[in-house]
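# Reading the structure
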2 protein chains.
Amino acid sequence: MDDVARLANVSPKTVSRVFTQRDLVSAATVERVLAAAKRLKFRPNSVARNLRGGASSTVGLIIGEMLNPFYSRVATGLEKVLSEHGKTLIVATTDDTAEGEERVADTLLSQRVSALLMIPVGEDQSYLEGERQLGSPVIAIDRPARNLVADSVVMENRNGAFEATRSLMEHGHRKIAYICNPANVYTQVERLRGYREALAGTGKAAATPWERLIDDPAIDPVHVVSELLDIADPPTAIIAGNNRMCVGVLRALHGKDNPPALIGFDDFDTADILGVSVVSHDAMEMGRRAGELAMERIADPTGFTQQLVLPTRLILRGSGERPPLAS
Amino acid sequence: MDDVARLANVSPKTVSRVFTQRDLVSAATVERVLAAAKRLKFRPNSVARNLRGGASSTVGLIIGEMLNPFYSRVATGLEKVLSEHGKTLIVATTDDTAEGEERVADTLLSQRVSALLMIPVGEDQSYLEGERQLGSPVIAIDRPARNLVADSVVMENRNGAFEATRSLMEHGHRKIAYICNPANVYTQVERLRGYREALAGTGKAAATPWERLIDDPAIDPVHVVSELLDIADPPTAIIAGNNRMCVGVLRALHGKDNPPALIGFDDFDTADILGVSVVSHDAMEMGRRAGELAMERIADPTGFTQQLVLPTRLILRGSGERPPLAS
DNA sequence: TTGAAAGCGATACCAC
DNA sequence: GTGGTATCGCTTTCAA
């Protein structure tokens, strides 16, 4: 910057002004500075810029992995909002482990991100409490943070599952399975609850014999489904707890003669071609709203924390409307 | 840091040492400093840290959009390598426009990323030449950079298309279509060439009547396919130039009685269930190799630039082996 | 093994 | 409109 100032015959401060509050500088000076900057290939260093003010121009996002289209949709929505606000997105992945989460949170905070957005995977985010007090807002996406005051954006998990189950019941099903992996996360707990409530009707919601709550990513959905369909009183319909599980179930049912009905959670690219009914939601919108929440919180760290709940929508494409086998 | 130093009764420099070259400090001092740091919730500011040295701990990636699974696979592979090297990933998207590319490149360079990785979308990257000379290595992924010295990682586009075409020919096809959108990118030019060469046999490769090289993202693949199958001498097989187009073709063929054979470029999640033959490649590996190339170039900016070419693999799942209609 | 001083690239505050 | 000066949080000399 000093070089530019020298070449343009002004003070460094004026150069700085040209790149930040251009209207405070005379047109002639601006032109001279810009020319000098161009010649010297000068580009303001936004890192140094933010050294002073505290809040940087970056925002951190912690997700399980980028391969999962749900996560990448969230990232997309978020990135859109950020770029509108001149912020850039730092993405870090946890491989869906709690240790990974703490590790990358630490890294991102070292980078002084102006906000930390995350899809929590660990069971406890209290380790972030100090940071939050120090001024790094935390926004939880898809699942609320635990033991931490944080804004959050989630979806209507329970109601989505409730409606899916009810829809299957209206098509004559009564023996309905619920399969998911992982199971110990907020979204699945909620969805399971909605499923049970629908099945219970006015009675008391309780576990059913057709629930398969897996918690080991290594277990093959195909295997689980095969086993499930082989039990004495097999289900006539299946609800898959997330996109991954839904594809797994599809794979398991593939080629079967009289497949059970199927409704998946999360929409996916070829679901229309495959005729798969799903509980759909707008993951990009989640990212977008989370981004807006972050901008809000950066602007006013003292406001009330909010919990946004986004709707889900049942999309019927065929697989969810298959009647039960008349056995 | 000063506060920590005061509390631990040492100089700031010693605190710095504890967090960087711990072995140069006595064990007792280390402990005292760490305790003080913990009490004060001190976390080294890696932004300020890098203010001095030049190269920062971030690496920038410019991609078209995160929704495209190809891009996100590349990002995944890259992120893996970076986290092993203690670097974090800043992702910026261009919406697949050249202007977007320049804009976000500028932003990332302002952030002083230690390397700039990109899937070039514009037709000219010479605008980065200055930066490269100033010490920001540029790595092109999937497509070589134009008018710029840069390392790159690409795949065997031409050969992949060649083999797909040959495979269709071996199954009796002669009237083979090639559909893609966009068309004016390196990958498509190469694939088209492979397709033509295979069809030409020993003759001179030339355009065929079944090529549909679209360049408007708004045009619906379904429409293009319908039209293509309605011409006087319709193709009996189709090669789709990328994942998006492949799904589009699938959608168009869906429900048709005697669909043409189909081979797609890029594998996708449910391709096995849908029985779609594809030219597959390892996008994560591309990201990984690009990351390694970046680390290499950061360590030694003077080395020869490299061009890595990764193989493709034809996966036959049914759609590519349908024989031509005996019409 | 530890410390003092200068500086990285920019901005904020206060003069002129 | 423009220019000094201190400062942000840390690291790199060079000494002790």
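All figures in this text were calculated on a predicted structure; none of them were measured in a lab.

Here we take up the domain arrangement of chain A. Split into domains, chain A comes out as domain 1 (2-44), domain 2 (58-155 + 283-312) and domain 3 (157-280). Spacing between the C-alpha centres of domain 1 of chain A and domain 3 of chain A amounts to 63 Å.

To continue, consider the interface of chain B and chain A. At the interface, 45 residues of chain B touch 45 residues of chain A. Counting each side, the surface lost to burial between chain B and chain A is near 4,200 Å², with a carbon and sulfur contribution of 57%. Among the residues chain B hides against chain A, the three largest losses belong to B:Arg43, B:Met66 and B:Ile273. Together they make up 18% of the total. On the surface where chain B and chain A come into contact, there are 6 salt bridges. The partner of B:Arg251 in a salt bridge is A:Asp272, with the nearest N and O atoms 2.6 Å apart. Taken together, chain B and chain A are joined by 23 residue pairs in polar contact (both at pLDDT 80 or more).

Moving on, we come to the relation of the copies chain B and chain A. Between the two chain copies there is a screw-like relation: a rotation about an axis and a shift along it. Mapping chain B onto chain A calls for a rotation angle of 180° and an axial translation of 0.0 Å; the resulting RMSD is 0.1 Å. Each copy turns onto its partner about a two-fold axis. Among all residues of chain B, the minimum C-alpha distance to the rotation axis is found for B:Ile90, at 2.1 Å. A share of 100% of interface residues in chain B that are also interface residues in chain A marks the association as one of identical surfaces.

With that settled, the discussion passes to the protein's contact with DNA strand C. The environment of DNA strand C is formed by 23 residues, the closest being A:Ser16, A:Asn45, A:Arg49, B:Thr14 and B:Thr29. Across the atoms of DNA strand C situated within 4 Å of the protein, the share located in sugar and phosphate is 61%. Between DNA strand C and B:Thr14, the relevant distance is 2.6 Å, taken from a phosphate oxygen to a side-chain nitrogen or oxygen of the residue. Residue B:Thr29 places a side-chain N or O atom 2.5 Å away from a phosphate oxygen belonging to DNA strand C. Put simply, the parts of the chain that give the surface near DNA strand C at least two residues each are helix 2 (12-20) and helix 4 (46-53) of chain A together with helix 2 (12-20) and helix 4 (46-53) of chain B. Of the residues forming the surface near DNA strand C, the biggest block, 4 residues, is contributed by helix 4 of chain A.

Residue and element names in this part refer to chain B. Pairing in this open sheet of 6 strands is mixed, and the strands run 7-6-8-9-10-12 from one edge to the other. One side of each edge strand has no neighbouring strand; the edge strands of this open sheet are strand 7 (211-213) and strand 12 (313-315). The mean angle between the axes of side-by-side strands here comes to 15°, regardless of whether they run parallel or antiparallel. As judged from the 3 bridges shared by strand 6 (residues 176-180) and strand 7, these two strands associate in the parallel manner. Each residue of the ladder has a partner; that of Cys180, found in strand 7, is Leu213. Taken strand by strand, helix 9 (residues 186-200) contacts strand 6, strand 7, strand 8 (237-240) and strand 9 (261-265), and its axis lies near 175° from that of strand 6. Running over the sheet, helix 11 (residues 243-253) touches strand 6, strand 8 and strand 9 and is turned about 155° from strand 9.

What counts, and at which threshold
Each chain has its residues counted from 1, following the order in which its sequence is written. Note on labels: chains are lettered from A, ligands numbered from 1, in written order. This being a predicted model, a pLDDT of at least 70 is required before a residue's local features are given, and a value of 80 or more before pairs of side-chain atoms are given or counted; all residues contribute to the totals for chains, interfaces and linings. Side-chain numbers come from the whole structure's heavy atoms, not from hydrogens or water. The source of the domain bounds is an automatic or database domain assignment. In what follows, a contact means two residues having at least one pair of non-hydrogen atoms within 4.5 Å. Put simply, buried area is the surface a 1.4 Å probe can reach on two separate parts but cannot reach once they are joined, added for both. Whenever Lys or Arg places a side-chain nitrogen within 4 Å of a carboxyl oxygen from Asp or Glu, that contact is recorded as a salt bridge. The definition of a polar contact used here is a pair of N or O atoms within 3.5 Å, where within protein one atom must be able to donate a hydrogen and the other to accept one, and adjacent residues in sequence count solely through side-chain atom pairs. Only residues with pLDDT of at least 70 in both copies contribute their C-alpha atoms to the least-squares superposition of the copies. Put simply, a residue is near a molecule or strand once any heavy atom of it comes within 4 Å of that molecule or strand. Under the scheme used here, helices are H or I runs from DSSP no shorter than 4 residues and strands are E runs no shorter than 2 residues, and both carry numbers assigned from the N terminus. Paired strands are those between which DSSP finds at least two bridges. What counts as an axis is a line fitted to C-alpha atoms, over the stretch in contact for a helix, and the angles between N-to-C directions run from 0 to 180 degrees.

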